[in-house]
Amino acid sequence: MDVVIEIVNFSAYYGDKQVVRDVSMKIFRNKITAIIGPSGCGKTTLLRSINRMNDHLPGFRVEGKIFFEGQDVYASNLDVTEYRKKVGMVFQKPTPFPMSVYDNVAFGPRIHGIRDKRLLDQIVENALRRAALWDEVKGELHKPATQLSGGQQQRLCIARALAVEPEVLLLDEPTSALDPISTQKIEMLLEELSEYYTIVIVTHNIAQAVRIADYIAFMYRGELIEYGPTRDIIERPKHKLTEEYLTGKIG
C-alpha cells in the first residue's frame, strides 16, 4: 500500500516535559486513520506535529522524523507554507474567519496568488460541493460565515482546507462541539472525501473511530500502544491496555 506519511521514532517535548514518546507508524493514501486515547495522551500533539502547527509554541522541540511522501517535514529547507497547502488542518472548534462564506473559502487560493474572479468562483463552488455545503449556502455566499450553524461552520472549515487542493486532511476532534445530526453529516462527508484525500482524525469517540476509520492508532501516556486495521484493533487487540481502553476500564 502507498505510504503518504511515515513517522519514525518521533518524540515531542514542551520544555522538559515529553508528551510524545518514540512513535513510529505509517499513514496510507486514501485511508482514514483515527488516533484514539485518553485526554493528555499526546494524540493532538502528534497530529499538530505532522502539520508543524506546534513550531511557534515556546519550548516545543522534536526528535525523530516525520516524512511526507519521502520528504523530511522538519528539514530546514522545507517551505512550510507550501507544505501546509498539501497537508491541511481542521480544528476541534469551528474557526471561520470573520468574513463572508465566499471569502473564507477563497482565502487560501488568494494567498497562493489566484486573483481571477471566475477561477475563484469555480474553486469556491467546488470546495463547498466537496464539503457537502454548497446546496445550503449557494444563495448566501456573502453572508458572514459566523452566522452559519456550528455544523455548517465546521463543513465550511473543511471546504476552506479543500480549496487549496491538499493531499492530506488532518482533523482534531472535528465533531466534539457538534450535535449528533451534524456529527453524522461530518462522518459521512469524511468517508466520501477519503476517496480523494488521505485523512487523519484525532477522536475521543471510540464508536466514531470504529464507524469511519480504516486504521486505528491507540495512544496512552505519549506512547503508541497499538496500530493496525480497525477490525484487528477492535476484535483482536494485542495489548491489554488497548482492550482496557476499548472496554472503558481506563479512559
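Just above sits the structure.
Position numbers for residues count from 1 along each chain, tracking the sequence in the order it is written. Only residues with pLDDT of at least 70 get local features here, since the model is predicted, and only at 80 or more are side-chain atom pairs given and counted; chain-wide, interface and lining totals rely on the full set of residues. Note that the side-chain values use all heavy atoms of the structure and ignore hydrogens as well as water.

## So, the overall build of the protein
Of regular secondary structure, the protein possesses 10 helices and 10 strands. Both definitions apply: the radius of gyration is a C-alpha atom measure, and the globule rule equals 2.2 Å times residues to the power 0.38. Here the protein has a C-alpha radius of gyration of 18 Å; the compact-globule value for 251 residues is 18 Å, and the two agree. Dimensions of the protein, computed from C-alpha atoms along their principal axes, come out at roughly 55 × 45 × 35 Å. Counting across all 251 residues of the protein, residues that qualify as buried make up 50%. For this count, His and the chain ends are skipped, Lys and Arg are scored as positive, and Asp and Glu as negative. Charge positions come from single atoms, namely NZ of Lys, CZ of Arg, CG of Asp or CD of Glu. When the 32 basic and 33 acidic side-chain charges of the protein are each reduced to a single mean position, those positions are 2 Å apart. Elements are defined by DSSP. Helices are runs of H or I of four residues or more, strands are runs of E of two residues or more, and each kind is numbered from the N terminus. Relative accessibility decides the category of a residue: with a 1.4 Å probe and only protein chains considered, values under 20% of the type maximum give buried, values over 50% give exposed, and everything between is partly exposed.

## Remarks on the sheet that holds strand 1 (residues 3–14)
Two strands pair under a simple rule: DSSP has to find at least two bridges between them. With antiparallel pairing, the 4 strands of this open sheet are ordered in space as 2-1-4-5. Two strands close off the open sheet at either side, each with one partner strand: strand 2 (17–28) and strand 5 (71–72). As paired elements, strand 1 and strand 4 (residues 60–68) share 8 bridges and run antiparallel to each other. Residue Tyr 14 lies in a different strand from strand 4, and its bridge partner there is Phe 60. Pairs of residues are marked as contacts when any of their non-hydrogen atoms sit within 4.5 Å. Here an axis means a line fitted to C-alpha atoms, over the contact stretch when the element is a helix, while the angle between two N-to-C directions is reported on a 0 to 180 degree scale. Against the sheet, helix 1 (residues 43–50) contacts strand 1, strand 2 and strand 4, and its axis sits at roughly 120° relative to strand 1.

## Concerning a negative patch on the surface
Think of a patch as exposed residues, more than 30% relative accessible area, with no salt bridge, where like charges cluster within 9 Å and nonpolar side chains (Val, Leu, Ile, Met, Phe, Trp, Tyr) cluster within 5 Å. Here the open area of atoms and residues is found with the Shrake-Rupley method and a 1.4 Å probe, where only the protein chains shown may cover a residue. What counts as a salt bridge is simple: a side-chain nitrogen of Lys or Arg found within 4 Å of a carboxyl oxygen of Asp or Glu. On the surface, Glu 191, Glu 192, Glu 195 and Asp 214 cluster together into a negatively charged patch. Relative to the helices and strands, Glu 192 is located in helix 7 (residues 180–193).

## Quick word on the layout of surface pockets
The gaps left among the atoms become clear once a water-sized probe is rolled over them. Computed over the protein atoms alone on a 1 Å grid, cavities are sets of points where a 1.4 Å probe fits but cannot get out and pockets are open sets with protein on both sides within 12 Å along at least five of seven lines; a residue lines them when it has an atom within 4 Å of a point. Grid points are joined across faces, edges and corners, and a volume is the space filled by probe spheres set on the points. The computed volume of the largest pocket comes to approximately 490 Å³. Lining the largest pocket are 19 residues, with Arg 84, Met 89, Phe 97, Arg 160 and Val 164 sitting closest to its centre. When residues of the lining of the largest pocket are traced back to their parent elements, those giving at least two are helix 2 (80–86), strand 6 (87–90), helix 3 (101–111) and helix 6 (150–162). Grouping the amino acids of the lining of the largest pocket by side-chain chemistry returns 10 nonpolar, 6 polar and 3 charged. Note that Gly is not counted as nonpolar here; it falls among the polar residues with everything else outside the nonpolar set of Ala, Val, Leu, Ile, Met, Phe, Trp, Tyr, Cys and Pro and the charged set of Asp, Glu, Lys and Arg.

## Focus on the side chain of Asp 72
Secondary-structure assignment places Asp 72 in strand 5. Within the local environment of Asp 72, its side chain forms a polar contact with the side chain of Lys 65, the two groups lying 3.1 Å apart. Any N or O atom pair separated by 3.5 Å or less is treated as a polar contact, with the protein-specific requirement of one donor-capable and one acceptor-capable atom, and with residues adjacent in sequence counted only for side-chain atom pairs. A polar atom in the side chain of Asp 72 sits 2.9 Å from the backbone nitrogen of Tyr 74. Setting aside chain neighbours within four positions, we find Asp 72 in contact with Lys 65, Ile 66, Phe 67 and Leu 78.

## Considerations on the pairing of strand 8 (residues 198–202)
In terms of residue burial, strand 8 counts as a mostly covered element, since 5 of its 5 residues are buried. Judged from the 4 bridges that link them, strand 3 (residues 32–36) and strand 8 form a sheet pairing that is parallel. For Ile 35, the partnering residue across the bridge sits in strand 8 and is Val 202. In this structure, strand 7 (residues 168–172) lies alongside strand 8, joined through 5 bridges in parallel fashion. Across the sheet, Val 168 pairs through a bridge with Thr 198, a residue of strand 8. Looking down the strands as they point away from the viewer, one classifies a crossover as right-handed if the path from the first strand across the helix to the second runs clockwise. Traced from strand 7 through helix 7 to strand 8, the parallel crossover comes out right-handed.

## A few points about the packing of aromatic side chains
Pairing of aromatic rings covers Phe, Tyr and Trp, the last counted by its six-membered ring, and requires centre-to-centre distances within 6.5 Å; plane angles under 30 degrees mean stacked, over 60 mean edge-to-face, and any other angle means tilted. For the structure shown, the criterion picks out 9 aromatic pairs. Relative to Tyr 74, the ring of Phe 10 has its centre 6.1 Å away and its plane inclined at 35°; by these criteria the two rings are tilted. With a gap of 64 residues between them, Phe 10 in strand 1 and Tyr 74 in the loop between strand 5 and helix 2 connect regions that are remote in the sequence. Taken together through their ring pairs, the aromatic side chains of Phe 28, Tyr 215 and Tyr 227 make up a single cluster. Above the ring of Phe 97, the side-chain terminus of Arg 160 is found at 3.9 Å from the ring centroid. Remark: a charge is flagged as sitting over a ring if the NZ atom of Lys or the CZ atom of Arg is within 6 Å of the ring centre and within 35 degrees of the ring normal.

## Examining the nonpolar core
Generally speaking, a soluble globular protein has its nonpolar side chains buried in company with each other. Of all hydrophobic cores here, the largest spans 47 residues; its most connected members are Leu 128, Ile 158, Leu 169, Leu 190 and Leu 193. Those residues in contact with Leu 128, other than ones at most four positions away along the chain, are Val 101, Val 105, Leu 133, Trp 134, Val 137, Leu 141, Leu 156 and Ala 159. Core analysis: the second largest hydrophobic core is formed by 31 residues, Ala 12, Met 25, Leu 46 and Ile 50 among them. Buried residues of nine kinds, namely Ala, Val, Leu, Ile, Met, Phe, Trp, Tyr and Cys, make up a nonpolar core once their side-chain atoms join them within 4.5 Å.

## What to know about the side chain of Ser 194
Its location among the elements puts Ser 194 in the loop between helix 7 and strand 8. On the accessibility criterion, Ser 194 (11% relative accessible area) is buried.

## What about helix 3?
Of the positions making up helix 3, those classed as buried are Val 101, Tyr 102, Asn 104, Val 105, Ala 106, Gly 108 and Pro 109. Lining the buried residues of helix 3 we find helix 4 (117–130), helix 5 (134–137) and helix 6. After helix 3 finishes, the residue Gly 113 shows a positive phi value of roughly 95°.

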